[in-house]
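Descriptive analysis of the structure
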Amino acid sequence: MKTMLHCMSHSPLVGFVDPLPEILDEVNGVISNARKAVKAFDPDLVVLFAPDHYNGFFYDLMPSFCIGTDAYAIGDFGTLAGDLNVPQALAESLAASVLDSGVDVAVSYRMQLDHGFAQPLDELVGGLDCKPVIPIFINSVAVPLPSFQRARLLGEAVGRYLKTLDKKVLILGSGGLSHQPPVPELATANAHMVDRMKGSGRHLPDDEREARTQRVITAARRFVEDQSTLHPLHPEWDQSFMTLLSEGRMADLDAMKNDELSALAGKSTHEVKAWVSAFAALSVMGNFNTTNRYYRPIPEWIAGFGSLTAYTEKTL
Ligand SMILES: O=C(O)CCC(=O)/C=C/C=C(\O)C(=O)O
Ligand SMILES: [Fe+2]
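These figures come from a predicted structure and were not determined experimentally.

Scanning the protein chain from N- to C-terminus turns up nine helices and 11 strands. Its C-alpha atoms give the protein chain a radius of gyration of 18 Å, near enough to 20 Å, the size a compact globule of 316 residues would have. Judged by the C-alpha coordinates and their principal axes, the protein chain covers about 50 × 40 × 40 Å.

Here we come to the pairing of strand β9 (residues 169-174). When you tally the buried positions in β9, you get six out of six residues, the bulk of the element. Burial along β9 is two-sided: V169, I171 and G173 and L170, L172 and S174, pointing in opposite directions, are all buried. As judged from the five bridges shared by strand β2 (residues 45-50) and β9, these two strands associate in the parallel manner. Across the sheet, residue V47 finds its bridge partner in β9, namely I171.

This next bit is on the environment of G306. In this fold, G306 is placed in strand β11 (residues 303-312). C-beta crowding within 10 Å serves as the criterion here: with 26 such atoms nearby, G306 is assigned to the buried category. Setting aside its immediate chain neighbours within four residues, G306 contacts M8, S9, G176, L177, D238, M242, Y294 and Y295.

Here we take up the UniProt feature "active site" (unreviewed entry) in the protein chain. Within the UniProt annotation, "active site" (unreviewed entry) is assigned to H115 and H179. Within the fold, H115 resides in helix α3 (residues 115-125). On the basis of neighbour count, H115 is assigned to the buried category, with 26 C-beta atoms found within 10 Å. If near-sequence neighbours (up to four positions away) are discounted, H115 is found in contact with H10, P12, D76, F77 and T79. Residue classification places H179 among the buried positions, given that 31 C-beta atoms sit within 10 Å. Beyond its immediate chain neighbours, meaning those up to four positions away, H179 contacts L233, G266, S268, T269, I302, A303 and G304.

Before going further, it helps to spend a moment on the site of ligand 1. Ligand 1 sits among 17 residues. The nearest are H53, P181, V183, R212 and V216. In terms of residue count, the dominant contributor to the shell around ligand 1 is helix α6 (residues 206-225) (three residues). Across the shell around ligand 1, the residue classes break down as eight nonpolar, six polar and three charged.

Once that is clear, we can look at the pairing of strand β3 (residues 65-68). In the case of a regular strand, side chains alternate between the two sheet surfaces. Side chains F65 and I67 project from β3 onto one buried face, and the interleaved C66 and G68 project onto a second face that is buried too. The sheet contact formed by β3 and strand β8 (residues 133-138) spans three bridges and is antiparallel. The residue of β8 that forms the bridge with I67 is I136. Pairing of β3 with strand β6 (residues 106-108) involves three bridges; the strand directions are parallel. Bridging from a neighbouring strand, G68 pairs with S108 of β6.

So, on to the packing of helix α2 (residues 88-100) against helix α4 (residues 148-162). Relative orientation of the contacting elements α2 and α4 amounts to 125°, with a least axis distance of 9 Å. As judged from the angle between their axes, α2 and α4 are oblique. Considering only the axes of α2 and α4, their crossing is right-handed. Across the interface between the two elements, L94, S97 and V98 of α2 pack against L154, A157, V158 and Y161 of α4.

Attention now moves to the sheet that holds strand β7 (residues 111-113). The three strands are arranged β5-β4-β7 in an open sheet whose pairing can be described as mixed. Of all the strands in the sheet, the pair left with one neighbour each is β5 (81-83) and β7. Between one strand axis and the next, the sheet turns through 20° on average, direction left out of account. Here three bridges tie strand β4 (residues 71-74) to β5, and the two strands are oriented antiparallel to one another. Residue pairing in the sheet places A73 in a bridge with G82 of β5.

Attention now goes to the environment of M4. As for its placement among the helices and strands, M4 is situated in strand β1 (residues 3-8). Distance from M4 to N289, taken between C-alpha atoms, is 9.9 Å for residues 285 residues apart in sequence.

Turning our eyes to something else, we now look at unusual backbone geometry. The peptide bond linking V143 to P144 adopts the cis configuration, its omega dihedral lying at 0°. Here the amide bond leading from G176 into L177 is cis, since omega sits at 0°, within 30 degrees of zero. Of note, L177 is situated in the loop between β9 and α5 (191-197). Of note in the backbone geometry, F77 takes a positive phi value of approximately 50° without being a glycine. Mapped onto the elements, F77 comes out in the loop between β4 and β5. With 22 C-beta atoms counted inside 10 Å, the residue F77 sits in the buried group.

How each quantity is defined
- Residues numbered from 1 in each chain as written.
- Chains lettered and ligands numbered in written order.
- Predicted model: local features only at pLDDT ≥ 70, side-chain atom pairs only at ≥ 80, totals over all residues.
- Helix = DSSP H or I, 4+ residues; strand = E, 2+ residues; numbered from the N terminus.
- Rg over C-alpha atoms; globule rule 2.2 N^0.38 Å.
- Buried ≥ 20, exposed ≤ 12 C-beta atoms within 10 Å, placed from the backbone.
- Pairing = 2+ DSSP bridges.
- Contact = placed C-beta atoms within 7 Å.
- UniProt positions renumbered as here; feature names shortened; annotations may be inferred.
- Near = placed C-beta within 6 Å.
- Nonpolar A, V, L, I, M, F, W, Y, C, P; charged D, E, K, R; others polar.
- Axes fitted to C-alpha atoms, helices over the stretch in contact; angles between N-to-C directions.
- Parallel < 35°, antiparallel > 145°, perpendicular 65-115°, else oblique.
- Left-handed = near helix turned anticlockwise from the far one by under 90°.

The structure is reproduced here in structure tokens:
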């Protein structure tokens, strides 16, 4: 079994509030190299772990984890919109296998996705539907959140299933690293926003979608000017997290409480659980080596921006 992994931060602010041209060129170079590596690997199947930002998953029914057997992206922040090419029978048997492993994952036969899924498919795979993709949602913003340990066990269960397939699999993790963009919270939102967060936001009117986009752009511009306006980025934590995954020490994170991570690195940093699940899945498929490690804090994108590739040993 040959397996490749790529984990990368995402940001809806790409193209709206960009860093200086030399930094943008550097990041685009990193993404371009990752895209070339994916093309060279030419996967038969992509498994993508990613979060949502109240665009597809709401408090009317919020699972910790969800496997899509069919899915489409809404195209928020100008990202790709349209149907994914989800192999339904394979996604169904993955879900059954994960449940059998003791991880109570939900399933969706019409999963609505946002930039968290669309951006990596666009940047790394070349589009939403050019490869068979199984999307796996990890709740990373709507408290109460799953723990690091559950994200690891989810990944291991997925990896055990993938190991039974005679396929070249690309495992993607989308999100993080340290960051806290202005995502609404149930405890502090006004009545209108609470209603949106409980499900009416599934079909947002155009003017409200635009206002929401502008609110994030404005917050990013302020953050560039003054990094005390949002939770600061935490490059040291981000680097130590990437090292920990590279060394296969995912279980070391089990002891970290969710509140502790929020206080340390920001409330959206829970998106790194997509990386933990991805690396956990890879780890059960064999020994692995990481390559092409990149990290830079990018205030314009309100993001500790990281990118990391890994392969099971057979393919290096
Ligand atoms: O305005 C909202 O309701 C949500 C804003 C939003 O979607 C922000 C997303 C930011 C990221 O995805 C990120 O930085 O990871
Ligand atoms: Fe995000």
